[in-house]
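An overview of the molecular structure
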Amino acid sequence: MPQQERPPLVDDDALDELEREWFGRVHGRVLEIGAGEGENFGALALDVVWTGLEPDAERRTELAIRAREWGHEQPLLAASAERIPVPDGAFDAVIASYVFCTVPDPAAALAELRRVLVPGGRLVLAEHVGAPRGTAKRAVQRLATPSSVRWCHGCHLDRDTERAIAEAGFLAADVRRVRARSFPLGALPILLYEGVSPA
C-alpha cells in the first residue's frame, strides 16, 4: 500500500489566508460556535447575518463589543454547542474555528449543528486534528492530550474530527489538509472542512 502523502507545511500568514478564504464562503444567516472574541469578523462576507455562541462569560463580554463594532446586532448565545437555544433550521451556515478540540461531546454538538441548519446548509470549520493513526505524531498527541485537556481549556490534541463529522451525516464538499508549526509538538495537522447538511 503506498504511503499517504504528508500535507504541506504552511506558516502562520499562509494559514491565516486559508482561514479567511474558508470563512469568506458563507452567506446568509450564520452561527459561529465558540466565537471567542470575534477573530473571524474580518473574513465574513458583507451579507452575513451573524450570531455568536460563546459559553465563556469573559470572552462573551469582549465579543459583544467587537460584534457591535462590526455591525452585528444579533444577541449572543450563552450556551454550549451541545444545546443551542434556537429553533430547527435557523441558520444557513455554521462556522467554527479551533473549537471541536474542546467540545465535551462532539457527537452531540454535531447533531445540534445538523438540527439548527437548513437542509443543504453549510458547515465550515478550521480545526487542528489528530495525526493519522499508527504514526509517531499520533502517539505523541495521545500522550500529550491529558496535559492539554487540563492546561489548555480542555483541548484534545488527538481528536479525529473529520471522522466525527462524517459519522454525524455531513457530506464533504471541500476538504483541505495542511500542517502548521506548533511549540512544543512540532507541526500539527490542520483540517479545513466545508460540508453540507443533507435534507
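What you see as residue numbers is a count from 1 along each chain, following the sequence as written. pLDDT decides what is reported in this predicted model: residues at 70 or higher carry local features, side-chain atom pairs at 80 or more are listed and counted, and totals for whole chains, interfaces and linings draw on all residues regardless. Only hydrogens and water are set aside; all other atoms, that is, all heavy atoms of the structure, feed into the side-chain values.

Considerations on the environment of Gly169
- Every helix listed is a DSSP run of H or I at least four residues long, and every strand listed is a run of E at least two residues long, numbered separately from the N terminus. By secondary structure assignment, the location of Gly169 is in the loop between helix H5 (161-167) and strand S6 (171-180).
- Residues in contact with Gly169, not counting those within four places in the same chain, are Arg114 and Pro198. A contact between two residues is defined here by any heavy atoms of the two lying within 4.5 Å.

Things to note about the pattern of salt bridges
- Put simply, a salt bridge is a Lys or Arg side-chain nitrogen that is within 4 Å of an Asp or Glu carboxyl oxygen. Inspection of every chain in the model, using the stated rule, returns 9 salt bridges.
- Asp174 is paired through a salt bridge with Arg25; the nearest N and O atoms lie 2.9 Å apart. A residue pair is termed long-range when its members are at least 10 positions apart, and Asp174 in strand S6 and Arg25 in the loop between helix H1 (12-23) and strand S2 (29-33) qualify at 149 residues.
- Notably, a salt bridge pairs Arg115 with Asp88, separated by 2.7 Å at the nearest N-O pair. You can see Arg115 sitting in helix H3 (residues 106-116) and its partner Asp88 sitting in the loop between helix H2 (57-69) and strand S4 (91-97), a full 27 residues away along the chain.
- Any residue under 20% of the maximum accessible area for its type is buried, any over 50% is exposed, and the rest in between are partly exposed; the area is computed with a 1.4 Å probe on protein chains only. Looking at Asp88, the relative accessible area reads 58%, which means it is exposed.
- Taken together, the shared-partner salt bridges in this structure form one network comprising Glu21, Arg25, Arg122, Asp174 and Glu194.

A closer look at the packing of aromatic side chains
- Two rings from Phe, Tyr or Trp (for Trp, the six-membered ring) form a pair when their centres sit within 6.5 Å of each other. Planes less than 30 degrees apart are called stacked, planes more than 60 degrees apart edge-to-face, and all others tilted. Going through the model one piece at a time under the given rule, you end up with 2 aromatic pairs.
- Centre to centre, the rings of Phe41 and Trp50 are 4.7 Å apart; their planes meet at 80°, and the pair counts as edge-to-face.
- For Trp50, a relative accessible area of 1% puts it in the buried group.
- Taken together, a centroid distance of 6.2 Å and an interplanar angle of 40° make the contact between Phe41 and Trp70 tilted. With a gap of 29 residues between them, Phe41 in the loop between S2 and strand S3 (49-53) and Trp70 in the loop between H2 and S4 connect regions that are remote in the sequence.
- The exposure class of Phe41 is buried, given its relative accessible area of 2%.
- Look at Trp70 and you get partly exposed, because its relative accessible area is 44%.
- The aromatic ring of Trp22 is capped on one face by Arg25, whose charged end is 3.8 Å from the ring centroid. Charges are assigned to positions over rings by a cutoff of 6 Å between ring centre and Lys NZ or Arg CZ, combined with an angular limit of 35 degrees from the ring normal.

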